[in-house]
Amino acid sequence: MEFFINNLAPIMFVGLMIFLLMGFPVAFSLGACGLFFGFIGVELGVLPESLLQALPLRIFGIMQNDTLLAIPFFTLMGLILERSGMAEDLLDTIGQLFGPIRGGLALAVIFVGALLAATTGVVAASVISMGLISLPIMLRYGYDRRIASGVIAASGTLAQIIPPSLVLIILADQLGRSVGEMYKGAFVPGFILTGMYAGYVILLAIFKPKWVPALPLEARTIREDSGKSGLLSLLVLTIVSTVVAVYFGEHYADVLTWLKGEAVETVATDETIVVSMCSGVLLAFVIAVINKITRLGLLSRMAERVTFVLIPPLLLIFLVLGTIFLGVATPTEGGAMGALGAFIMAMARKRLSMSLLKQALNTTTKLSCFVVFILIGSTVFSLVFQGVDGPKWVEHLLSSLPGGQLGFLIVVNIMIFFLAFFLDFFELSFIVVPLLAPVAEKLGIDLIWFGVLLGVNMQTSFMHPPFGFALFYLRSVAPNKEYTDKLTQQRIPPVTTMQIYWGAVPFVVIQIIMVALIIGFPNLVSSGLDKAEKIDLDKVVIEMPADEPQAEPADGAEPGKDGEAAAEDDDPMKAMQDSLDKDKK
């Protein structure tokens, strides 16, 4: 019995793992495990009965957490955009744009995956949309099945690390940090990871060209009447927009000076980038609209199509992330604006129906309830775990590792990597992260950087064979039987589960390399964060006004009062205040 009392924390953690491996729902496993060991602790005298009285207050604290409101807003935004056909239009247009080069379809999927990630933040929506739309096209034109499935699954998981990601909201809440700062920290790593995916496809196009063939000429439907591609017109429009954006960014301070009527010397870099990019994008959109209305013929069909399909989601990204990065809106407010923008885009496309709205709201409600129930269960578990000194046990276990910070980071990332075989990112965020955060902070690790590192690592939880959720989503829409292609009338073999698994392996390796890069080059995250102003206390000088010569006491003055007056004159704070009063006069 004494052994049980002294080791209640590790026994409790092992008990939770057993519950989860037996297949019980996560929320109920956490709550039941917490209550079970809480009652045992009270009976053994390890825990006071009053500890469990704190549960209602903690649950009400969850309900009052404004940060969690961003989850339903961003989920609703993503579902509306995905079901209004935005993903289909993007994949079709970008596929036509990149189609003439080897690996062009795969590069289009990666590009659209990053764009959907920056607008939706929902992995399931991205993977299912791209699986339904692009996988049949890639199979039709001879793409290797492993490459096609791996690219789609990996590009869909970008929604987990590129803002506005749901996992970053959860991590910020669990780490007690700002969601906006977490978004800023994840911005650069997310797009570096996208570039690494594209680099892998380019290498395949060079060394294995048969695996990633180009689109044949008859499949390139967006062409001029003369048969030309129209890419020159798109290139000119891109150059003009870029030049205007750069020029506007260089003179943004002058524009603010003119608007405010007072001199503006410096402007924050992130604000300059967001506003200048908005100006370039808006210029391209205005040119395309004028060209379409007046029928001047300045733009090719390809340039016009790319502009009208690509710019609305880009403007939505600037509306949501730009306002968050500039500090104009909180993430919750940014999510609300994004949801409203998604409604407007769906209405503009004439694709907003009552059935679509019901489906989106139903899915949003289910996901939000899922998150809240897990959070309530994790609160019950963490309260009891803290009561039995679980954090001290974890801290002693991890802080005594050899290698200091580096040893801690290596062990933690290996642990997260293997736990991700069995747990998804919600479960890892609510169970493991609260145990790791105090140890990381004690070791001097910045929690924003730590959160982004864990977010990239948790991304592998969607790609791990055999339990990766992105692989399950793709399996649900990939053809499992031989079928006849509607366009070419050829018989297309099915995509097997093992092909999906093997296709995911190279991208899991790329994600592991990204984790190592973040550990080796911390500036990848910290470069996007606001720089805290450092004050050297050793160089701070406090200047006090010199003491004024005291007047001799008048005849008949009482010594006691003179002594009090002298004491007041010797008071430095009073002397400072008197000096300030004189300056005001």
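Residues numbered from 1 in each chain as written. Predicted model: local features only at pLDDT ≥ 70, side-chain atom pairs only at ≥ 80, totals over all residues. Heavy atoms only, no water.

### Quick word on the overall build of the chain
Here's step 1: Each helix and strand counted, the chain has 27 helices and two strands in total.
Here's step 2: As displayed, the chain offers around 29,400 Å² of accessible surface, 65% of which is attributable to carbon and sulfur atoms. (Helix = DSSP H or I, 4+ residues; strand = E, 2+ residues; numbered from the N terminus. Areas by Shrake-Rupley, 256 points an atom, 1.4 Å probe, with all protein chains shown as cover.)

### Focus on helix H12 (residues 231-250)
Here's step 1: Look at H12: 29 Å from first C-alpha to last across 20 residues, which is about the 28 Å you get at 1.5 Å a residue.
Here's step 2: All of the buried residues along H12 are Ser 233, Leu 234, Leu 237, Ser 241, Ala 245 and Gly 249. Summarising the axial view, the buried residues of H12 lie within an arc of 130 degrees, below the 170-degree limit, and thus occupy one face. Those residues of H12 that are exposed and angled more than 90 degrees off the buried face are Leu 232, Val 243, Tyr 247 and Glu 250. (Expected span 1.5 Å × (residues − 1). Buried < 20%, exposed > 50% of the residue type's maximum accessible area, 1.4 Å probe, protein only. Arc of directions from axis to C-beta.)

### Some details on the nonpolar core
Soluble globular proteins: nonpolar side chains tend toward being buried together.
Here's step 1: By size, the foremost hydrophobic cluster in this structure holds 175 residues, and its most contacted members are Phe 74, Tyr 183, Phe 408, Phe 450 and Met 458.
Here's step 2: The element best represented in this core is helix H15 (residues 301-325), accounting for 13 residues.
Here's step 3: Each residue touching Phe 408, except ones within four places of it in the same chain, is listed here: Leu 398, Leu 401, Leu 436, Val 439, Ala 440, Leu 443, Ile 445 and Phe 450. (Core = buried A, V, L, I, M, F, W, Y, C linked by side-chain atoms within 4.5 Å. Contact = heavy atoms within 4.5 Å.)

### Regarding the packing of helix H2 (residues 8-21) against helix H17 (residues 354-387)
Here's step 1: With their axes 9 Å apart at the nearest point, H2 and H17 run at an angle of 160 degrees to one another. Between H2 and H17, the interaxial angle falls into the category roughly antiparallel. Our pair here, H2 against H17, has a crossing hand that is left-handed. Contacts between H2 and H17 involve Ala 9, Met 12, Phe 13 and Leu 16 from the former and Phe 381, Val 384 and Phe 385 from the latter. (Axes fitted to C-alpha atoms, helices over the stretch in contact; angles between N-to-C directions. Parallel < 35°, antiparallel > 145°, perpendicular 65-115°, else oblique. Left-handed = near helix turned anticlockwise from the far one by under 90°.)

### Here's the deal with the pattern of salt bridges
Here's step 1: Applying the stated criterion to the full structure yields seven salt bridges.
Here's step 2: With its nearest N and O atoms 3.3 Å apart, the salt bridge here joins Arg 351 to Asp 89. With Arg 351 in the loop between helix H16 (331-348) and H17 and Asp 89 in helix H6 (residues 86-98), this pair connects stretches of sequence that are 262 residues apart.
Here's step 3: Put simply, Glu 482 and Arg 491 hold a salt bridge, and the shortest N to O gap is 3.9 Å. (Salt bridge = Lys/Arg side-chain N within 4 Å of Asp/Glu carboxyl O.)

### What to know about H6
Since there are 3.6 residues in each turn of an α-helix, residues three or four apart along the chain are aligned in direction.
Here's step 1: Relative to the 18 Å expected for 13 residues at 1.5 Å per residue, H6 spans 18 Å between its end C-alpha atoms, a close match to the ideal helical length.
Here's step 2: Most of H6 is tucked away, with 10 of its 13 residues classed as buried.
Here's step 3: Residues of H6 that are buried include every one of Met 86, Ala 87, Asp 89, Leu 90, Leu 91, Thr 93, Ile 94, Gly 95, Gln 96 and Leu 97, and no others.

### Looking at a nonpolar patch on the surface
Here's step 1: A cluster of nonpolar residues, Leu 232, Leu 235, Val 236, Ile 239, Val 240, Val 243 and Val 244, forms a patch on the protein surface that exposes about 610 Å² of accessible area.
Here's step 2: Looking at the secondary structure, you find Leu 232 in helix H12.
Here's step 3: On the basis of relative accessible area, Leu 232 is assigned to the exposed category, the value being 65%. (Patch = residues over 30% accessible without salt bridge, like charges linked within 9 Å, V, L, I, M, F, W, Y side chains within 5 Å.)

### Some details on the packing of aromatic side chains
Here's step 1: Inspection of every chain in the model, using the stated rule, returns 13 aromatic pairs.
Here's step 2: A ring pair is formed by Phe 36 and Phe 37, whose centres lie 5.3 Å apart and whose planes are at 85 degrees; its orientation type is edge-to-face.
Here's step 3: Arg 146 extends its terminal NZ or CZ atom over the ring of Trp 211, reaching a point 5.2 Å from the ring centre. (Phe/Tyr/Trp six-rings, centres within 6.5 Å; stacked < 30°, edge-to-face > 60°. Lys NZ or Arg CZ within 6 Å of the ring centre and 35° of its normal.)

### Regarding the packing of helix H5 (residues 70-83) against H17
Here's step 1: At a minimum axis distance of 9 Å, the contact between H5 and H17 shows a crossing angle of 145 degrees. Helix-helix and strand crossings are classified by hand; for H5 and H17 the assignment is right-handed. Listed contacts from H17 to Ile 71, Pro 72, Thr 75, Leu 76, Leu 79, Ile 80 and Arg 83 of H5 are Leu 356, Leu 357, Gln 359, Ala 360, Leu 361, Thr 363, Thr 364, Leu 367, Ser 368 and Val 371.
Here's step 2: Residues of the contact of H5 with H17, tallied by class, amount to 11 nonpolar, five polar and one charged. (Nonpolar A, V, L, I, M, F, W, Y, C, P; charged D, E, K, R; others polar.)

### Comments concerning the side chain of Thr 364
Here's step 1: By the element assignment, Thr 364 lies in helix H17.
Here's step 2: Relative accessible area serves as the criterion here: at 7%, Thr 364 is assigned to the buried category.
Here's step 3: Other than its neighbours up to four places away in sequence, Thr 364 contacts Pro 72, Thr 75, Leu 76 and Leu 79.

### Looking at the environment of Thr 307
Here's step 1: Along the chain, Thr 307 falls in helix H15.
Here's step 2: Once residues within four sequence positions are removed from consideration, Thr 307 is found in contact with Leu 237, Ala 284, Phe 285, Ala 288 and Pro 312.
Here's step 3: Side-chain polar atoms of Thr 307 contact the backbone oxygen of Ala 303, separated by 2.6 Å. (Polar contact = N/O pair within 3.5 Å; in protein donor to acceptor, adjacent residues only side chain to side chain.)

### Re the environment of Lys 292
Here's step 1: Residue placement: Lys 292 occurs in helix H14 (residues 269-294).
Here's step 2: For Lys 292 and Glu 304, which are 12 residues apart along the polypeptide, the C-alpha to C-alpha distance reads 8.1 Å.
Here's step 3: Sequence-distant contacts of Lys 292, defined by excluding residues within four places in its chain, comprise Glu 304 and Phe 308.

### With respect to the confidence of the model for the chain
Here's step 1: Here the chain averages 80 in pLDDT, and 89% of its residues register 70 or above.
Here's step 2: For residues 560-569, every residue scores under 50 in pLDDT, and the model assigns this stretch five contacts once sequence neighbours within four places are set aside. (pLDDT = per-residue confidence, 0-100.)

### Concerning the environment of Ser 241
Here's step 1: With respect to the helices, strands and loops of the structure, Ser 241 is situated in helix H12.
Here's step 2: Spatially, the C-alpha atom of Ser 241 lies 6.4 Å from that of Leu 283, the residues being 42 residues apart in sequence.
Here's step 3: If we ignore the near neighbours within four places in the chain, the residues touching Ser 241 are Gly 280, Leu 283 and Ala 284.
Here's step 4: For Ser 241, the side chain forms a polar contact with the main-chain oxygen of Leu 237, separated by 3.0 Å.

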